[in-house]
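So the chains spell out like this:
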Amino acid sequence: MSEPTPAVGVTEKIAVDSSPQSLQRAAAVLQAGGTVFLQEIDLALSVREDVLRCAVRDFEPLAHRCAVEYEVLVENGRRALEATAFAAYLPPLPRRWIVVDAQGAAPDILWTAP
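Per chain, the residues get numbers from 1 upward, laid out in the order the sequence is written. Side-chain atom pairs in this predicted model are given and counted only at pLDDT of 80 or more, local residue features only at pLDDT of at least 70, and totals for whole chains, interfaces and linings cover all residues. Hydrogen atoms and water are omitted, and side-chain values are computed over all heavy atoms in the structure.

**Q** I'd like to hear about the pattern of salt bridges, residue by residue, with values.
**A** Criterion for a salt bridge: a side-chain nitrogen of Lys or Arg within 4 Å of a carboxyl oxygen of Asp or Glu. Evaluation of the coordinates by the stated rule reveals 6 salt bridges. Ionic pairing is found between D58 and R65, a salt bridge with its closest N-O pair at 2.9 Å. Per-residue accessibility, obtained with a 1.4 Å probe over protein chains only, is compared with the maximum for each type, and a residue is labelled buried under 20%, exposed over 50%, and partly exposed between these values. Residue D58 is classed as buried on the basis of its relative accessible area, which comes to 2%. In this structure, E75 and R79 form a salt bridge, with 2.9 Å as the shortest nitrogen-oxygen distance. Of this pair, E75 and R79 both sit in helix α2 (residues 67–82), separated by 4 residues, roughly a single helical turn. According to the relative accessible area criterion, E75 is partly exposed, its value standing at 27%. Since its relative accessible area comes to 58%, R79 is described here as exposed. Salt bridges linked by common partners bring E75, R78 and R79 together as one network. Helix and strand assignments follow DSSP, with helices taken as H or I runs no shorter than four residues and strands as E runs no shorter than two, numbered in order from the N terminus.

**Q** Break down the side chain of D58 for me, citing the residues and quoting the values.
**A** Tracing the chain through its elements places D58 in strand β4 (residues 51–58). Pairs of N or O atoms within 3.5 Å make up the polar contacts considered here, provided that, within protein, one atom can donate a hydrogen while the other can accept it, and that residues adjacent in sequence are counted only when both atoms are side-chain atoms. There is a polar contact of 2.9 Å between the side chain of D58 and the backbone nitrogen of E60. Residue contacts are counted whenever heavy atoms from the two residues lie within 4.5 Å of one another. Among residues more than four places away in sequence, those in contact with D58 are R65, Y70, L73, V99, V100, D101, A102 and L110.

**Q** Go over the layout of surface pockets, please, and point to the residues and values.
**A** To locate leftover empty space, one rolls a probe as large as a water molecule over the atoms. Lining residues are those with an atom within 4 Å of a point, where the points come from a 1 Å grid over the protein atoms alone and group into cavities, where a 1.4 Å probe fits but cannot get out, or pockets, open sets with protein on both sides within 12 Å along at least five of seven lines. Grid points are joined across faces, edges and corners, and a volume is the space filled by probe spheres set on the points. Size it by volume and the largest pocket reaches roughly 280 Å³. Taken together, 16 residues line the largest pocket, and the ones lying closest to its centre are F37, A44, R57, V100 and P107. Contributions of two or more residues to the lining of the largest pocket are made by β2 (35–38), β3 (43–48), β4 and β5 (95–101). Sort the elements by how many residues they give to the lining of the largest pocket and β3 lands first, with 4 residues. Three classes are used, and their members are as follows: Ala, Val, Leu, Ile, Met, Phe, Trp, Tyr, Cys and Pro are nonpolar, Asp, Glu, Lys and Arg are charged, and the others, Gly among them, are polar. Of the residues in the lining of the largest pocket, the class split is 8 nonpolar, 4 polar and 4 charged.

**Q** Account for the packing of aromatic side chains, with residues named and values stated.
**A** Within 6.5 Å between ring centres, the rings of Phe, Tyr and Trp (the latter by its six-membered ring) count as paired, and their orientation is classed by plane angle as stacked under 30 degrees, edge-to-face over 60, tilted in between. Per the stated rule, a full pass over the model turns up 2 aromatic pairs. Geometrically, the ring pair formed by Y70 and W111 is stacked, given 5.7 Å between the ring centres and 10° between the ring planes. Of this pair, Y70 sits in helix α2 while W111 sits in strand β6 (residues 109–112); the two residues are 41 residues apart in sequence, bridging distant segments of the chain. Accessibility assignment for this pair places Y70 and W111 in one class, buried. Ring centres of F86 and Y89 lie 6.3 Å apart, and the angle between their planes is 15°; on these two criteria the pair is classed as stacked. Given the relative accessible area of 28%, Y89 is considered partly exposed.

Structure follows, in structure tokens:
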């Protein structure tokens, strides 16, 4: 029996060392318009307008970071994502990297990579 198709707006939280079945389920959530949150690396992934949006969470949003510091956060997130098994399940879309405030209920975008 196949699993039900996930609904838009669903958030799937997964560990980076999840089973292949869990990774496939998370990939289905992503393709259906939901969000996948990779717990250990604090990264939220979603597909918006044919772009894979990769949101790195900043736990010190009041730190008054400069662009270089945001670039480091994004680069660390990028490397961490590519080191996961889930990277193989990602859709072949252009990626848009952003940094979001991890403190608020609705994350504010703090910085967008050029």
